[in-house]
Amino acid sequence: MVIGATGQIGRVAVRALARDGWEVTAVSRGGGRDDNWPDEVRVAAADRADDAALAAVVGDGCDVLVDMVAFGPEHARQLTGLAGRVGSAVVISSVSVYEDDKGRNFDTQEEPDGFPEYPVPVLEEQRTVQPGEDSYSTRKAGLEHELLAVADQLPTTLLRAGAIHGPYCRSPRELYFVKRNLDGRRRRVLPYGGESRFHTASVHNIAELIRLAAARPGARALNAVDPEAPTVAEIAGAIDAVMGVEAENVLVDGPPPAPTVGNTPWSVPVPVVFDMSAAERELGYRPVVTYAQSLPETVAWIEGRLAGRDWREAYAKMYETYGDLFDYAAEDAWSV
């Protein structure tokens, strides 16, 4: 059973599990079906916030429950309440649960000297933030804490995803360069010398991890990222190649020179890179796609969503999160 089946990761995971021989029930609020799913995939409608509705679709039980949208301790308790009817679980978490040895994490990054300096690459043994209700990171940590505490009742694999990319994303970071190319902007400002690395995670590689974890139940937390962590300059170049354009990178030492100039969704002052050897060791995992290989479908999806629409309407969640990513007047004024 896959909860959040029509979301960004769920669509690919359902297909991967069905092709691996599982009898899959795809659960979403609307009970929709993806055109790429095999016909034998069953669909069901349920809001995961409704305990009774979720229990009803689980019914007599399932061997594996895959949860794309669990968020916070209450969802962990909801899942463990089904433990007698569920053999094991695979749950999407986030690399944002990590903090460095000085207690800095993604929640402190806006503070002076608050950006975490993680070891490169980050192993799963790295300390994590304290569970709480204050932020996305602390709530994901609470989800993990609750589920791992009852692993004897419900063996759960937690997948700590990085910067997720692929079609159907509501906040695609690739929009930053795709829209500039569509708008004919052939110069872009890249802070930190264009060397920022915030580890990407393809929906296809995450789906492969889900497929493997479903067949190998266990109590574990594993990183879920791509085989390489491209720099922001490499990401820009890869998107240019897909779109058939040439653009110039204006490299800036240090942070973005102005609030709306060069503040890309990947621009971090130090590398944020994660290790995948635990997944290779425990699951036999091998990545199925590189970042560059996965880009054409992502770019096509973004272009389709933007066609005839204001980007703030097409990607309202991204506008809410990042603000104005396309302040061309500010960019032009800075470059003069």
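Structure first, text after, so check above.
Just so it is clear, the structure is predicted and the values come from calculations on it, not from any experiment.

### Brief notes about the overall build of the protein
Scanning the protein from terminus to terminus reveals 12 helices and 11 strands. The C-alpha radius of gyration computed for the protein amounts to 20 Å, which stays within 12% of the reference 20 Å derived for 336 residues, consistent with globular compactness. For the protein, contacts bridging at least 24 residues in sequence account for 76% of all contacts bridging at least 6. Total accessible area on the protein stands at roughly 14,500 Å², and carbon and sulfur atoms take up 47% of it. Here the protein contributes 33 positively and 51 negatively charged side chains, and the mean placements of these two sets differ by 3 Å.

### Details of the nonpolar core
Phe177, Ile210 and Ile239 are the most contacted members of the largest nonpolar core, which totals 74 residues. The dominant element in this core, judged by the number of residues it contributes, is helix 6 (residues 203–215), at eight residues. If we skip the residues at most four places from it in the chain, Phe177 touches Arg188, Leu190, Val232, Ile235, Ala236, Ile239, Thr264 and Trp266. Within the second largest apolar cluster, 22 residues are counted, among which are Val58, Val91, Leu143 and Leu154.

### Comments concerning the packing of helix 1 (residues 8–19) against helix 6
Packing of helix 1 against helix 6 leaves a shortest axis separation of 8 Å and a crossing angle of 50°. Relative to helix 6, the element helix 1 is oriented oblique. Regarding helix 1 and helix 6, the two cross each other, and that crossing is right-handed. Along the contact surface, helix 1 presents Gln8, Ile9, Val12, Ala13, Arg15, Ala16 and Leu17, while helix 6 presents Val203, His204, Ile206, Ala207, Ile210, Arg211 and Ala214. Of the residues in the contact of helix 1 with helix 6, the class split is 10 nonpolar, two polar and two charged.

Calculation rules
- Residues numbered from 1 in each chain as written.
- Predicted model: local features only at pLDDT ≥ 70, side-chain atom pairs only at ≥ 80, totals over all residues.
- Heavy atoms only, no water.
- Helix = DSSP H or I, 4+ residues; strand = E, 2+ residues; numbered from the N terminus.
- Rg over C-alpha atoms; globule rule 2.2 N^0.38 Å.
- Contact = heavy atoms within 4.5 Å.
- Areas by Shrake-Rupley, 256 points an atom, 1.4 Å probe, with all protein chains shown as cover.
- Lys, Arg positive; Asp, Glu negative; His and termini not counted.
- Charge placed at Lys NZ, Arg CZ, Asp CG, Glu CD.
- Core = buried A, V, L, I, M, F, W, Y, C linked by side-chain atoms within 4.5 Å.
- Buried < 20%, exposed > 50% of the residue type's maximum accessible area, 1.4 Å probe, protein only.
- Axes fitted to C-alpha atoms, helices over the stretch in contact; angles between N-to-C directions.
- Parallel < 35°, antiparallel > 145°, perpendicular 65-115°, else oblique.
- Left-handed = near helix turned anticlockwise from the far one by under 90°.
- Nonpolar A, V, L, I, M, F, W, Y, C, P; charged D, E, K, R; others polar.

In short, geometric facts, not functional conclusions.
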